[in-house]
Amino acid sequence: MPLPFLTADRAFDTDDIALPFDDHDQWRRPYRPGPWRVGIAALALLLASFVLLAAVVIAAAGATGGALLTFGVAALVIAAALRTLRMGVWVSRAGLRHVSFFSTRTTSWRQTGAVRTAQQPVRWLGLPRTVQGQALILVRNGGAPAALLTDHNADFLSRVEAFDRAADTVEAWYAEYATAPALAPAR
């Protein structure tokens, strides 16, 4: 008995296909989240499920204060996992958005001086250790350059082709919209 819903009957590998962009006004990530980022978030959600189970047991035992504290810890772990999945570079017709764990920086295409790939020391999985690698650099008008993506972060570790495609896509968005006239907001 064949079970086609359990197999991947495709003529191509879906991990290497760039995401389609239907509406350029929506914020889109021009690449898929990497296995390290998804794995970290999955482990955090697994931990949160155990913490939620512990909270239910504590609540059934009658310790309301402990149960509320445990529910709060589970909510923080879930929020951290979701934020981890949200991290990365997002593009739209309005500009470029760099989402990190604690902050989000949005730069309009008009404020962008250049977007380019450079060979430089990069952080390995966001840790203090640096290795030689490639980085997608954002140069703001009158500002210091900032690394948006690296080939050693949680999205692109051991996926050099995916990094190259993502960097090319962001550079293409910059080439298309940095010189385009400013759009009037929709009413």
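Here, the structure is the one placed above.
Residues numbered from 1 in each chain as written. Predicted model: local features only at pLDDT ≥ 70, side-chain atom pairs only at ≥ 80, totals over all residues. Heavy atoms only, no water.

1. Details of the sheet that holds strand β3 (residues 104-108)
In sheet architecture, strand pairing relies on hydrogen bonds along the backbone and comes in two forms, parallel and antiparallel. One open sheet accounts for 3 strands, arranged β1-β2-β3; its pairing is antiparallel. Of all the strands in the sheet, just β1 (88-92) and β3 have a single pairing partner and so form its edges. Between one strand axis and the next, the sheet turns through 15 degrees on average, direction left out of account. Note that strand β2 (residues 95-99) and β3 share 5 bridges and pair antiparallel. In the strand pairing of β3, V99 is matched with T104. (Pairing = 2+ DSSP bridges. Helix = DSSP H or I, 4+ residues; strand = E, 2+ residues; numbered from the N terminus. Axes fitted to C-alpha atoms, helices over the stretch in contact; angles between N-to-C directions.)

2. Comments concerning the environment of R140
Structurally, the position occupied by R140 is in strand β5 (residues 130-140). Its relative accessible area of 24% is what places R140 among the partly exposed residues. C-alpha of R140 to C-alpha of T107: the two residues are 33 residues apart in sequence and 7.9 Å apart in space. Setting aside chain neighbours within four positions, we find R140 in contact with R105, T107, Q111, T112, G113 and A146. At 3.1 Å, the side chain of R140 and the side chain of T107 are in polar contact. (Buried < 20%, exposed > 50% of the residue type's maximum accessible area, 1.4 Å probe, protein only. Contact = heavy atoms within 4.5 Å. Polar contact = N/O pair within 3.5 Å; in protein donor to acceptor, adjacent residues only side chain to side chain.)

3. With respect to the pairing of β1
Counting buried positions along β1 gives 5 out of 5 residues, so the element sits mostly inside the fold. Pairing between β1 and β2: 5 bridges, direction antiparallel. Within the sheet, the bridge partner assigned to W90 lies in β2 and is R97. In sequence, β1 turns back onto β2 through a hairpin of 2 residues.

4. Notes on the environment of A146
Residue placement: A146 occurs in strand β6 (residues 145-150). Taking C-alpha positions, A146 is 9.8 Å from V115, a pair spaced 31 residues apart along the chain. Once residues within four sequence positions are removed from consideration, A146 is found in contact with L136, I137, L138 and R140.

5. Comments concerning the sheet that holds β6
One open sheet accounts for 3 strands, arranged β4-β5-β6; its pairing is antiparallel. Two strands lie at the open edges of the sheet, namely β4 (112-123) and β6, each paired on one side alone. Direction aside, neighbouring strands of the sheet carry axes that sit 35 degrees apart on average. Docked against the sheet, helix α3 (residues 160-177) engages β4, β5 and β6, running at close to 160 degrees with respect to β4.

6. Here's the deal with the pattern of salt bridges
If you walk through the whole model with that rule in mind, you get 2 salt bridges. A salt bridge links R93 to D25, with the nearest nitrogen and oxygen atoms 2.8 Å apart. Taken together, the residues span a long stretch of sequence, with R93 in the loop between β1 and β2 and D25 in the segment before α1 (35-61) at a distance of 68 residues. Taking relative accessible area as the criterion, R93 reaches 29% and is therefore assigned partly exposed. Measuring nitrogen to oxygen at the nearest pair gives 2.9 Å for the salt bridge that ties R37 to D155. One end of the pair, R37, is in helix α1; the other, D155, is in the loop between β6 and α3, with 118 residues separating them in the sequence. The exposure class of R37 is buried, given its relative accessible area of 7%. Given a relative accessible area of 0%, D155 falls into the buried group. (Salt bridge = Lys/Arg side-chain N within 4 Å of Asp/Glu carboxyl O.)

7. So, the pairing of β5
Taken together, the 11 bridges between β4 and β5 define a ladder with antiparallel strand orientation. Considered in β5, the bridge of Q119 is made with Q134. With antiparallel pairing between neighbouring strands as the criterion, β4 and β5 make up a hairpin whose turn holds 6 residues, including L125 at a positive phi of roughly 55 degrees. Strand direction decides the pairing type here: β5 and β6, joined by 5 bridges, are antiparallel. By the bridge assignment, V139 is partnered in β6 with P145. Here β5 folds back onto β6, and the loop between the two strands holds 4 residues, one of which, G142, carries a positive phi near 75 degrees.

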